[in-house]
Amino acid sequence: MDRFQWWDNNIERGETDILSQITVKLYDGTKKTVFESGTLYLSSHRIRWKDDINPNTDMSLNLSQVVLIEKENATWTKSAKIIAHLSAILEEDKKPGPVKFSPFNYVKFSFRGGGDKEFFNAFSEAIAKKAWEDLSANYAQGKQYRAGIVGIERQIRHRNEATGETISEAFEDLKCLMKMAKEMVNLSKGVSQKLKDKKGDISDDETIQFKSYLLSLGISDPVTKAEYGTGMTFHAELAKQLSEALTKPLQESGGILSLTEVYCRVNRARGVELISPEDLLNACQMLEKLGLPMRLQKYDSGVMVLKLESYNNATEALKMGEMLQEKGSLTAMELSVLTKVRLVIAKERLLNLERQGIACRDDSIEGLRFYPNRFLTEAA
């Protein structure tokens, strides 16, 4: 942390703000510091940390001092972190800062409130652009490094920075490759097991169906709190992704799914990037506000479902009434099998017929069974 200097409100020519993130903690290498919670600002020229409680604690680090950045993903007990590896050579005109000497050549930014993925991407892009070099290039145009120790040190520093950037990109590619390899191994195991269970040739129709299963295995780029934080932005983006992922399953299930089934489907599709029931509920409550083609509905019994905007309760009730007339009587289980919907939704449909006077119930030791209301269909 001896590369940090106190912020003096001195903005470089051409410097632009990029983004900020609250509730970020600072580490000096592996050592904890007193800088527990602050706002981290990123500009084209520097990174700046300001204490949320004590406004006088305001410091900055020039991006020219950053050689390489890495990312540590969050765990059950630890927040996600960005590690910034710093140049071994201190700036010649460095101003006083919070630490005079540090044995570490790197610092950690711990993102307790999420947003680390978006910040890491912006941080990487800012380092790659090196906007701070534009001014120095114009100032020293046509001028070569002078001979001697200083000139050699500068050449080494620039060479190290270029090498560090290449290494950072290589590690990111390697992480992506390892993640993809793991997914492909799991997929191949599933394919192998299906072939063993089949114990014979697979027909063309089954091949097409199996391919459709593969295409619907998961969400390729799930919305995460690390990328969008923990507020309304995250829930809005999650709502949009829910709309994209659930439109086809809703159509296949007659336009309605229980929220429990939605939760299972979504988390299965997201892989390891699971969401909580509370996040799902908040996202579903935003569907109508965002003008998306599905709605959250809560029945009188407390059961919540997700349904397509085109789903018509009156039309569905008429259809269920005709089915009840045809069968003579139905239980929730029988209706569930006939319509291929979950048992809880089948029961709610029968209760809805009862509320409208279309059906009557018979509650006996054999269970709850519904019959057509003959008072409506037969003359007295």
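None of these values were measured; they are calculated from a predicted model. (Residues numbered from 1 in each chain as written. Predicted model: local features only at pLDDT ≥ 70, side-chain atom pairs only at ≥ 80, totals over all residues. Heavy atoms only, no water.)

Asker: Is there a simple way to think about the overall build of the protein in this case?
Answerer: When helices and strands are counted, the protein shows 12 helices and 14 strands. Split into buried and exposed, the 380 residues of the protein put 38% on the buried side. In the form shown here, the protein has an accessible surface area of approximately 23,400 Å², with 54% of it arising from carbon and sulfur atoms. (Helix = DSSP H or I, 4+ residues; strand = E, 2+ residues; numbered from the N terminus. Buried < 20%, exposed > 50% of the residue type's maximum accessible area, 1.4 Å probe, protein only. Areas by Shrake-Rupley, 256 points an atom, 1.4 Å probe, with all protein chains shown as cover.)

Asker: What should I look at first to understand the pairing of strand β12 (residues 304-308) in this one?
Answerer: Consecutive side chains of a regular strand alternate in pointing toward one face of the sheet and then the other. The element β12 is largely enclosed, with a buried count of four among its five residues. Two strands pair when backbone bridges link them, and strand β10 (residues 256-258) and β12 are joined in this way by three bridges, in the antiparallel orientation. Bridge assignment links Ser258 to a residue of β12, and that residue is Val305. Pairing analysis gives five bridges linking strand β11 (residues 294-298) to β12, with the strands arranged antiparallel. In the sheet register, Arg295 faces β12, and the bridge partner there is Lys307. Joining the antiparallel neighbours β11 and β12 is a turn of five residues, in which Gly302 adopts a positive phi near 100 degrees. (Pairing = 2+ DSSP bridges.)

Asker: I keep staring at the packing of aromatic side chains and nothing clicks. Help me out?
Answerer: Aromatic rings in a pair are described by how distant their centres are and how their planes are angled relative to each other. Summed over the entire model, instances satisfying the criterion amount to four aromatic pairs. Taking the centre distance of 5.5 Å and the plane angle of 65 degrees together, the rings of Phe35 and Trp49 count as edge-to-face. Of this pair, Phe35 sits in the loop between β3 (31-32) and β4 (38-43) while Trp49 sits in strand β5 (residues 46-51), and the two are 14 residues apart along the sequence. The buried category is assigned to Trp49, whose relative accessible area is 0%. Summarising the aromatic geometry, the rings of Phe104 and Tyr106 are spaced 5.9 Å apart at their centres and angled 70 degrees between planes, so their arrangement reads as edge-to-face. Taken together, the aromatic side chains of Phe111, Phe119 and Phe123 make up a single cluster linked through ring pairs. (Phe/Tyr/Trp six-rings, centres within 6.5 Å; stacked < 30°, edge-to-face > 60°.)

Asker: Quick question: what am I supposed to make of unusual backbone geometry here?
Answerer: With a phi angle near 60 degrees, Asn9 is a residue other than glycine that sits in the positive phi range. Within the element layout of this structure, Asn9 appears in the loop between β1 (5-6) and β2 (17-28). One non-glycine residue, Thr23, lies in positive phi territory at about 50 degrees. For Thr23, the location among the structural elements is in strand β2. Classification of Thr23 as partly exposed rests on a relative accessible area of 25%.

Asker: Just checking my understanding: could you explain the confidence of the model for the protein for this structure?
Answerer: If pLDDT is low for a region, its predicted coordinates should not be looked at in detail. A residue-level look at the protein finds 75% of positions with pLDDT of 70 or above and a mean pLDDT of 78. In this model residues 139-147 is a low-confidence stretch, pLDDT under 50, and it forms five contacts with partners more than four residues away in sequence or in other chains. For residues 208-217, every residue scores under 50 in pLDDT, and the model assigns this stretch six contacts once sequence neighbours within four places are set aside. (pLDDT = per-residue confidence, 0-100. Contact = heavy atoms within 4.5 Å.)

Asker: I'm lost on the side chain of Thr57 in this one. Help?
Answerer: You can see Thr57 is positioned in the loop between β5 and β6 (58-62). You can call Thr57 buried: its relative accessible area is 10%.

Asker: Honestly, the pattern of salt bridges in this entry has me stumped. Any pointers?
Answerer: A side chain of one charge can pair with a side chain of the opposite charge if their charged atoms are brought near each other. Here the structure, examined in full by the defined rule, presents 16 salt bridges. Residues Lys71 and Asp116 are paired through a salt bridge, measuring 2.8 Å at the closest nitrogen-oxygen approach. Highlighted residues: Lys71 in strand β7 (residues 66-72) and Asp116 in helix α1 (residues 116-129), separated in sequence by 45 residues. The salt bridge partner of Lys129 is Glu125, with a shortest N-O separation of 3.3 Å. Here Glu125 and Lys129 lie together in helix α1, a separation of four residues that amounts to about one turn. A relative accessible area of 60% places Lys129 in the exposed class. Using a relative accessible area of 44% as the deciding quantity, one classes Glu125 as partly exposed. (Salt bridge = Lys/Arg side-chain N within 4 Å of Asp/Glu carboxyl O.)

Asker: When you look at the nonpolar core in this model, what are you seeing that I'm missing?
Answerer: Across soluble globular proteins, nonpolar side chains show a tendency to be buried alongside one another. Core analysis: the largest hydrophobic core is formed by 27 residues, its most contacted members being Leu40, Ile47, Val66, Phe109, Phe119 and Phe123. For this core, the elements supplying multiple residues, two or more each, are β2, β4, β5, β6, β7, β8 (80-86), β9 (106-111) and α1. Sorting elements by how many residues they give to this core places α1 first, with six residues. In this structure, Phe109 is in contact with Phe4, Val24, Lys25, Leu26, Leu40, Ile47, Ala80, Lys81, Ile82, Ala84 and Phe123, ignoring residues within four places of it in sequence. Phe234, Ala239, Leu250 and Leu308 belong to the second-largest nonpolar core, a separate cluster that totals 22 residues. (Core = buried A, V, L, I, M, F, W, Y, C linked by side-chain atoms within 4.5 Å.)

Asker: Honestly, the sheet that holds β10 in this entry has me stumped. Any pointers?
Answerer: Pairing between the strands of a sheet comes from backbone hydrogen bonds, and it takes one of two forms, parallel or antiparallel. Across the sheet, three strands lie side by side as β10-β12-β11; this open sheet has antiparallel pairing. The open sheet has two free edges, formed respectively by β10 and β11, since each of these has just one partner strand. Strand-to-strand twist of the sheet, defined as the mean angle between neighbouring strand axes without regard to direction, takes the value 25 degrees. Sitting on the sheet, helix α7 (residues 259-270) touches β10, β11 and β12, and the angle it makes with β10 is about 85 degrees. (Axes fitted to C-alpha atoms, helices over the stretch in contact; angles between N-to-C directions.)

Asker: How should I be thinking about a nonpolar patch on the surface in this particular structure?
Answerer: Among the surface-exposed residues, Met333, Val337 and Leu343 lie close enough to one another that they form a single nonpolar patch of about 300 Å² accessible area. Turning to its location among the elements, Leu343 is positioned in helix α11 (residues 343-355). For Leu343, a relative accessible area of 42% puts it in the partly exposed group. (Patch = residues over 30% accessible without salt bridge, like charges linked within 9 Å, V, L, I, M, F, W, Y side chains within 5 Å.)

Asker: In this structure, what is going on with helix α6 (residues 232-252)? I would like to understand it.
Answerer: Side chains of residues three or four places apart in an α-helix project in the same direction, reflecting 3.6 residues per turn. The end-to-end C-alpha distance of α6 is 30 Å, a good match for the 30 Å that 21 residues give at a rise of 1.5 Å each. Turning to α6, its buried residues number three or more, namely Phe234, His235, Ala236, Leu238, Ala239, Gln241, Leu242, Ser243, Leu246, Pro249 and Leu250. Looking one or two places after α6, you find Gly254, whose phi comes out positive at around 85 degrees. (Expected span 1.5 Å × (residues − 1).)

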